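Tertiary structure, described
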Amino acid sequence: MLCLALLLAFTSLAPTTAQSTPATPTLREMADKNKFYVGAAVYTYHLSDPLHVETVKTQFNMMTPENEAKACELQKARGVFNFTKMDQLMDFAEQNNMVFRGHTLVWHSCTPNWFSNGKFSRDEAIQILRDHIMTVVGRYKGRIPIWDVVNEGIADGNGKMRVTPWQQMIGDDYIELAFRFAHEADPEALLFYNDYGAEGMNAKSDAIYNMVKDFKARGVPIDGVGLQAHLTLGDTRNGRGASPRIMGENIKRLGELGVQVQLTEVDIKHKGEPTEDILRQEAAEYRSVLQTCLDSGYCTAFIVWGVTDKYSWLRDSRFYDNPKVAPLLFDDHYQPKPAFTAILDLLARRAGEPPILSDDEVAILTGEKKPDSGAGAAAVPAPTKSDPAQLAPDSVAGAVYYAPFPVTITLDGETDDWTNVPRVTVDKGPTLPAGNDTSYQFAVTADDKKLYFLAEVKDSKLAYGTHNPASEWYLEDSVEFYLNTTGDLKLGEYKPGVVQIGILAANITKPDAPLIGGGNSDTSQVSVVAVKTEDGYRIEASVPLVTDAWKIVPAHMGVLGFQSHLNGSSADTRDTKLIWSAADTQDESWSNPSVFGQLVFWDKTK
Ligand code: G3I
């Protein structure tokens with residue numbers, strides 16, 4: 001850990017800026033006060049942007065090259081190295097007293113073609129590996145104190161060694177050899193193995209743990225593991241890989257092997273527009289991930305994979321399909337986002353500095369308090385009927401649906417028996433094709449035996465019957481109704497009593513048994529009639545009030561968790577996803593009932 005002590009001393013020489021002390025402390029100041037690293041991936045090209053330069057040097061005490069230290073960039077021809085861009089970044093880091101984290105010496109995704117496409121014997125390939133590492137690490141000896149030696153060497157899913165040109169031509173021991181060569185080139189440098197999708201407890205993280213344990217046992221020089229933490233909104237929720245419990249358990253077991261852990265490429269992707277709600281959830285998840293890192297006692301750096309959303313790799317359609325994605329700490333105009341403030345506040349509080357956020361704001365971020373609760377929040381408005389003939393009040397958009405009872409429905413594809421049952425139009429969601437013309441209305445009612453659902457879908461291009469209903473039903477035209485009958489509306493995972501009933505438009509073909517998909521849907525005993533209509537299709541469905549999974553007793557103002565989605569397909573896959581509940585902005589209802597809305601029974605005789 002000597003190297004780390006040197007590193008910490010190193011960054012205390014933060015640059016003093018001539019400007020007056022900013023009202024809000026910088027991330028760098030709070031990181032320094034925590035003797036902790038907060039870094040960013042930097043790409044040479046962006047150093048021509050003054051705002052980029054200012055943000056990097058004032059907000060971060062560590063930086064890492066996004067691409068410039070990769071073999072495919074440095075050694076495009078065998079034995080011919082071009083360090084121009086790396087030297088520019090190295091100089092920038094030293095001029096601004098920033099710790100430079102080297103990324104990465106060996107990576108299958110950026111290996112020079114002359115090697116990947118070459119045919120080299122094991123000995124030749126080992127020589128090439130050694131020459132590359134000795135040249136690169138040797139050039140920056142004493143200036144780059146941390147290296148990602150090997151990146152992403154473990155395969156996804158099964159924890160086996162990833163098949164790469166290095167692994168093919170040398171064998172599985174190429175990783176050990178790379179670490180030994182790097183140590184030989186700079187014995188003082190801290191040497192890391194780096195990977196994605198290994199934040200939680202899974203086959204890949206198990207394989208990494210076992211490799212580190214083996215290396216430590218055999219004296220192979222390794223000092224740390226980098227968890228990239230390229231996350232998706234929701235990944236820090238209970239039960240998910242980046243949740244405090246699971247990621248904390250993984251960091252702890254690695255730390256107990258005697259290595260550091262660093263979060264090396266943090267960003268949080270999401271679907272659709274970066275709405276206020278998404279940015280707040282993103283802030284909460286950034287804070288959660290940093291908190292888990294800091295609480296572990298083994299995690300020594302938190303590096304975000306870029307500075308401004310504008311230049312994020314995730315804006316490149318080759319890597320992600322949401323041009324509006326906002327995964328980082330600064331927006332397209334370098335304005336700090338809620339995620340920036342959330343982690344700045346956490347670092348300030350841990351350093352004993354004045355907090356940046358109020359306790360209330362922190363409680364909302366950490367989910368201890370609902371943003372819409374508390375004195376000032378708008379309570380659910382008193383029920384009203386826009387038409388006195390309605391059998392139940394108007395719904396509260398995206399939050400509450402009032403379902404009248406008792407109303408008996410005949411599943412015949414006709415809607416005369418649905419008269420005056422309130423209908424809700426849904427035309428918004430995370431996936432809308434250009435010129436979207438798909439929308440639907442739903443209605444729900446009940447009698448003393450059954451709960452009835454109606455969906456009237458407007459869709460000019462129906463596409464169904466082309467996917468395996470058992471597994472990919474949601475990729476073709478279908479309507480979904482969700483129920484949470486457990487009484488616990490905060491439930492964050494599926495249990496008996498929670499059901500996702502996906503009803504395929506393909507039921508129009510009158511199959512012998514209903515074509516149904518979704519979590520626990522096999523327990524729903526659902527009946528379905530589906531008919532084509534002049535502008536789309538209609539679905540009537542019913543479930544018994546009493547099944548092995550639930551006992552629903554309609555009572556005036558009785559509440560169930562409730563949600564509805566529509567999947568639209570115009571050709572061979574889904575191009576439209578509409579969602580009713582405002583709390584589900586990321587298509588999470590399939591795994592997280594806490595984002596459902598509420599169905600409130602309304603006794604029509606009242
Ligand atoms: O600079 C060239 C440009 O001249 C050329 O016209 C253009 C044509 O595609 O390519 C440009 O290079 C691109 C390079 O980034 C610089 O922007 C490459 O195409 C592109 O593939 C490369 O993507 C990088 C990717 O790694 C692959 O190296 C991303 O920027 C970078 O964010 C990403 O980072 C990786 C980490 O290193 C490892 N962990 C995963 C992470 C995300 O994939």
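Refer to the structure printed above.
The model shown is predicted, which means the values in this text are computed figures rather than measured ones.

With that settled, consider the site of the ligand. With respect to spatial proximity, 15 residues lie near the ligand, and among them Glu 66, Lys 70, His 103, Glu 265 and Trp 305 are the closest. Here an oxygen atom of the ligand sits 2.8 Å away from a polar atom, N or O, in the side chain of Lys 70. Contact distances for the ligand include 3.1 Å between a nitrogen atom and a side-chain N or O atom of Glu 152. Contact with the protein chains covers 60% of the free accessible surface of the ligand, which is 790 Å². Looking at the shell around the ligand, its residues break down into five nonpolar, five polar and five charged.

With that settled, the discussion passes to the state of the cysteines. Applying the stated criterion across every chain, the model contains two disulfides. Between the sulfur atoms of Cys 72 and its disulfide partner Cys 110 the distance amounts to 1.6 Å. Note on the Cys 72 and Cys 110 pair: the S-S dihedral is about -45°, so by sign convention the disulfide is left-handed. Note that Cys 72 is positioned in helix H4 (residues 71-74) and Cys 110 in the loop between strand E4 (106-107) and helix H6 (113-116), a separation of 38 residues in sequence. Here Cys 72 and Cys 110 have matching classes, each one buried. If the cysteines joined by disulfides in the protein are listed in sequence order, their pairing comes out as 1-2, 3-4.

Okay, unusual backbone geometry next. Trans peptide bonds make up most of the peptide bonds, and negative phi angles are found at most residues other than glycine. In the segment running from His 103 into Thr 104, the intervening peptide bond is cis, with an omega of -15°. Tracing the sequence through the fold places Thr 104 in the loop between strand E3 (99-102) and E4. In this structure, the amide linkage connecting Phe 405 to the following residue, Pro 406, adopts the cis form with an omega of -5°. Secondary-structure assignment places Pro 406 in the loop between strand E11 (400-405) and strand E12 (424-426).

This part covers the sheet that holds strand E13 (residues 439-446). Taken in spatial order, the five strands of this open sheet run E12-E13-E14-E19-E18, and their pairing is antiparallel. Looking at strand neighbours, the two that pair on one side only are E12 and strand E18 (527-533), the edges of this open sheet. Taking the axes of each pair of neighbouring strands and ignoring which way they run, one obtains an average angle of 20° across the sheet. Across nine bridges, strand E14 (residues 450-458) lies against strand E19 (residues 536-544) in antiparallel orientation. Bridge assignment links Ala 455 to a residue of E19, and that residue is Ile 539.

Let us now look at the pairing of strand E10 (residues 299-304). Most of E10 is tucked away, with six of its six residues classed as buried. Both strand E1 (residues 37-42) and E10 contribute to a ladder of four bridges, which runs parallel. Bridge assignment links Gly 39 to a residue of E10, and that residue is Ile 303. Sheet topology places strand E9 (residues 260-269) next to E10; four bridges connect them, and they run parallel. The partner of Val 266 across the bridge, within E10, is Val 304. Viewed along the sheet, the connection from E9 through helix H12 (residues 276-296) into E10 turns out right-handed.

Time to look at the packing of aromatic side chains. For the structure on display, the rule yields 25 aromatic pairs. Both rings, one in Tyr 43 and one in Tyr 45, keep their centres 6.4 Å apart while their planes meet at 35°; by these two values the pair is tilted. With a relative accessible area of 27%, Tyr 43 lands in the partly exposed category. Residue Tyr 45 is classed as exposed on the basis of its relative accessible area of 62%. Ring plane angle 85° and centroid distance 6.2 Å describe the contact between Trp 114 and Phe 115, whose orientation is recorded as edge-to-face. What links up through ring pairs into an aromatic cluster is the set Tyr 401, Tyr 440, Phe 442, Phe 453, Phe 481, Phe 562 and Trp 580. The ring centre of Phe 192 lies 4.9 Å from the NZ or CZ of Arg 101, which sits over that ring.

Bringing the pairing of strand E16 (residues 498-504) into the picture now. Buried residues dominate E16, accounting for seven of its seven residues. Side chains Val 498, Gln 500, Gly 502 and Leu 504 project from E16 onto one buried face, and the interleaved Val 499, Ile 501 and Ile 503 project onto a second face that is buried too. In the sheet, strand E15 (residues 478-484) pairs with E16 via seven bridges, with the strands oriented antiparallel. Looking at the pairing, Leu 483 lines up with Val 499 of E16. The sheet contact formed by E16 and strand E17 (residues 516-517) spans two bridges and is antiparallel. When the sheet's bridge partners are listed, Gly 502 is paired in E17 with Gly 517.

Conventions adopted
Once a new chain begins, its residue numbering starts again from 1 and follows that chain's sequence as written. Only residues with pLDDT of 70 or above have their local features reported here, since the model is predicted, and side-chain atom pairs are shown and tallied only from 80 upward, although totals for entire chains, interfaces and linings are computed over all residues. To obtain the side-chain values, all non-hydrogen atoms of the structure were used and water was disregarded. Proximity is defined per residue: any heavy atom of the residue falling within 4 Å of a molecule or strand makes that residue near it. Two N or O atoms form a polar contact when they lie within 3.5 Å of each other; inside protein one atom must be a possible hydrogen donor and the other a possible acceptor, and for residues adjacent in sequence the pair counts only when both atoms belong to side chains. In this description, accessible areas are obtained by the Shrake-Rupley approach with a 1.4 Å probe, and a residue is regarded as covered only by the protein chains that are shown. Throughout this entry, Asp, Glu, Lys and Arg are counted as charged residues, while Ala, Val, Leu, Ile, Met, Phe, Trp, Tyr, Cys and Pro are counted as nonpolar. The remaining residues, Gly among them, count as polar. The definition used for a disulfide is geometric: two cysteine sulfur atoms within 2.5 Å. Counting from the N terminus, the helices are the DSSP runs of H or I reaching at least four residues and the strands are the DSSP runs of E reaching at least two. When accessible area is computed with a 1.4 Å probe and restricted to protein chains, residues below 20% of their type maximum are described as buried, those above 50% as exposed, and intermediate ones as partly exposed. By this definition, two strands are paired if DSSP reports at least two bridges between them. Helix axes use the C-alpha atoms of the stretch in contact, all axes being lines fitted to C-alpha atoms, and the angles between their N-to-C directions lie in the range 0 to 180 degrees. For the handedness criterion, the strands are oriented away from the viewer, and a crossover whose path from the first strand over the helix to the second runs clockwise is classed as right-handed. Stacked, edge-to-face and tilted are the three classes for Phe, Tyr and Trp ring pairs, Trp counted by its six-membered ring, which pair at centre distances within 6.5 Å; planes under 30 degrees apart are stacked, over 60 edge-to-face, the rest tilted. Lysine and arginine charges are scored as sitting over a ring when NZ or CZ, respectively, is within 6 Å of the ring centre and within 35 degrees of the ring normal.

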